[in-house]
Amino acid sequence: MGARFEELAWRETPIGEISLRRRRDPSLDVDVYEVKLDDEFLMSSLFPVAEIELARLGLATLEGDALDVVVGGLGLGYTARTALEDPRVRSLVVVEAIEDVIDWHRRDLLPFTAGLATDPRTRFVRADFFAAVADGAGFDPDAPGRRFHAVLLDVDHSPRQVLHPSHADFYTVAGLRRLADLLHRDGVFALWSNDPPDPAFQRVLTEVFPTSVAHVVRFPNPLQGRESANTVYVARH
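Computed from a prediction, not measured in an experiment: that's the story for all the values here. (Residues numbered from 1 in each chain as written. Predicted model: local features only at pLDDT ≥ 70, side-chain atom pairs only at ≥ 80, totals over all residues. Heavy atoms only, no water.)

A. Expanded view of the nonpolar core. Residues Leu20 and Leu92 are the most contacted members of the largest nonpolar core, which totals 44 residues. Counting residues per element, this core draws most heavily on helix α1 (residues 49-60), which supplies 5 residues. Structurally, this core is a two-domain feature, drawing no fewer than three residues from each of domain 1 (6-43) and domain 2 (47-236). Residues contacting Leu92, with those up to four places away along its chain left out, are Val69, Val71, Ala80, Ala83, Leu84, Leu116, Arg121, Thr122 and Arg123. By size, the runner-up hydrophobic cluster in this structure holds 29 residues, among which are Val95, Phe130, Phe189 and Tyr233. (Core = buried A, V, L, I, M, F, W, Y, C linked by side-chain atoms within 4.5 Å. Buried < 20%, exposed > 50% of the residue type's maximum accessible area, 1.4 Å probe, protein only. Helix = DSSP H or I, 4+ residues; strand = E, 2+ residues; numbered from the N terminus. Domains from an automatic or database assignment. Contact = heavy atoms within 4.5 Å.)

Have a look at this one:
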C-alpha cells in the first residue's frame with residue numbers, strides 16, 4: 001500500500017483542468033483511481049460496471065470474427081480493455097482528445113488496464129471525436145471515411161449534459177446520421193450515459209437507426225450505501 005493520496009497526473013486543457021489521482025479508501029481497503037475535470041468527478045474505479053457493459057452490450061449483437069471497433073473517450077480504460085477481451089475484435093481505435101490521458105495508459109498508471117497500450121490491436125488516435133464525425137473524416141487518420149463495425153462512446157455525462165457546447169450537435173438526427181455513415185451495414189453505435197433513459201434522445205436514435213435499445217445498468221454504490229444506475233444505449237445501423 002502506498003501513500004493515502006497521490007495525484008498521478010494533471011494538465012490544463014481546453015475544457016478545464018484534468019487530473020488523475022489515486023487515494024486509499026480505508027473503509028473498503030482498496031486503492032481508488034479517479035479522474036476529475038476541474039472540481040467535478042468524471043469517473044472512478046469504484047464504479048466500472050457500466051463502462052464495462054458499454055463494450056459487452058455494444059459488441060454482443062455483432063456477428064463475424066474480424067471486428068473493427070472504435071472507442072470514443074479513453075478515460076480509465078475499462079471500455080477499451082473489455083473490448084479487447086472479445087476475441088473477435090481485430091482492431092481497436094481509441095479516439096481521445098487529451099494526450100495526457102493516452103499517456104496514463106502508455107505509462108501503465110492504471111493497474112487494471114495494464115497491457116491495453118501494448119496490445120497489437122490497439123491504436124491511440126489523439127483527436128476530437130465529435131469533430132471527426134462532424135467533418136466526415138472519421139477516426140482513422142490514414143483512411144478518411146473508414147467504416148467500423150462498432151463505435152462505443154463514453155465522453156459526455158449524457159446527451160443533455162455535455163462537457164463542451166461543441167458536442168451538442170452530435171446528439172441530433174443530423175449528427176448521428178454522420179456517425180452512421182462511418183459504420184458498416186449492421187454496425188453498432190453504443191453510448192454510455194449517467195442519466196436514466198431519455199425518451200427524447202431515444203426518438204432521435206429511432207430516426208437514424210432501425211433498432212435501438214436503452215439498457216439500464218445497475219450496480220452497488222458503496223459510497224452511498226445504495227444501488228446506482230447508468231444507461232447504455234445500443235443502436236444498430
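Having seen the model, we can carry on.
B. Just the environment of Ala190, in detail. Looking at the secondary structure, you find Ala190 in strand β9 (residues 183-193). Remark: the alpha-carbon pair of Ala190 and Leu92, spanning 98 residues in sequence, is separated by 15 Å. Beyond its immediate sequence surroundings of up to four residues, Ala190 is in contact with Leu54, Gly58, Val151, Leu152, Leu153, Tyr233 and Val234.

C. Fine view of unusual backbone geometry. Despite not being glycine, Asp108 shows a phi value in the positive range, around 55 degrees. In this fold, Asp108 is placed in the loop between α3 (99-106) and β7 (122-126).

D. Representation of a negative patch on the surface in the model. Together, Glu12, Glu17, Asp38, Asp39 and Glu40 make up a region of like negative charge exposed at the surface. With respect to the helices and strands, Asp39 occurs in the loop between β3 (30-37) and β4 (40-44). What makes Asp39 exposed here is its relative accessible area of 72%. (Patch = residues over 30% accessible without salt bridge, like charges linked within 9 Å, V, L, I, M, F, W, Y side chains within 5 Å. Areas by Shrake-Rupley, 256 points an atom, 1.4 Å probe, with all protein chains shown as cover. Salt bridge = Lys/Arg side-chain N within 4 Å of Asp/Glu carboxyl O. Lys, Arg positive; Asp, Glu negative; His and termini not counted. Charge placed at Lys NZ, Arg CZ, Asp CG, Glu CD.)

E. Here's a closer look at the domain arrangement of the protein chain. Per the domain assignment, the segments of the protein chain are domain 1 (6-43) and domain 2 (47-236). For domain 1 versus domain 2, the distance between C-alpha centres works out to 21 Å. Counting from both sides, the interface comprises 19 residues of domain 1 and, opposite them, 16 residues of domain 2. Summed over both sides, the interface between domain 1 and domain 2 buries roughly 1,400 Å², with carbon and sulfur atoms accounting for 77% of that surface. Applying the counting criterion to the domain 1 and domain 2 interface returns 0 salt bridges. Where domain 1 touches domain 2, the interface holds 0 residue pairs in polar contact (both at pLDDT 80 or more). Broken down by secondary-structure element, the contributors of at least two residues to the side of domain 1 that touches domain 2 are β1 (5-13), β2 (16-25), β3 and β4. Of the residues that constitute the side of domain 1 that touches domain 2, the class distribution is 13 nonpolar, 2 polar and 4 charged. (Buried area = accessible area lost by both parts, 1.4 Å probe. Polar contact = N/O pair within 3.5 Å; in protein donor to acceptor, adjacent residues only side chain to side chain. Nonpolar A, V, L, I, M, F, W, Y, C, P; charged D, E, K, R; others polar.)

F. Region of the structure containing α3. Regarding α3, the residues found buried are Asp100, Val101, Ile102, Trp104 and His105. Check the buried side of α3 and you find it contacts β1, β2, β3, β6 (89-96) and β7. One or two positions beyond α3, positive phi appears at Asp108, with a value near 55 degrees.

G. Representation of the pairing of β1. As judged from the 8 bridges shared by β1 and β2, these two strands associate in the antiparallel manner. Each residue of the ladder has a partner; that of Trp10, found in β2, is Ser19. In textbook terms, the turn of a hairpin is the stretch between consecutive antiparallel strands, and for β1 and β2 this stretch comprises 2 residues. (Pairing = 2+ DSSP bridges.)

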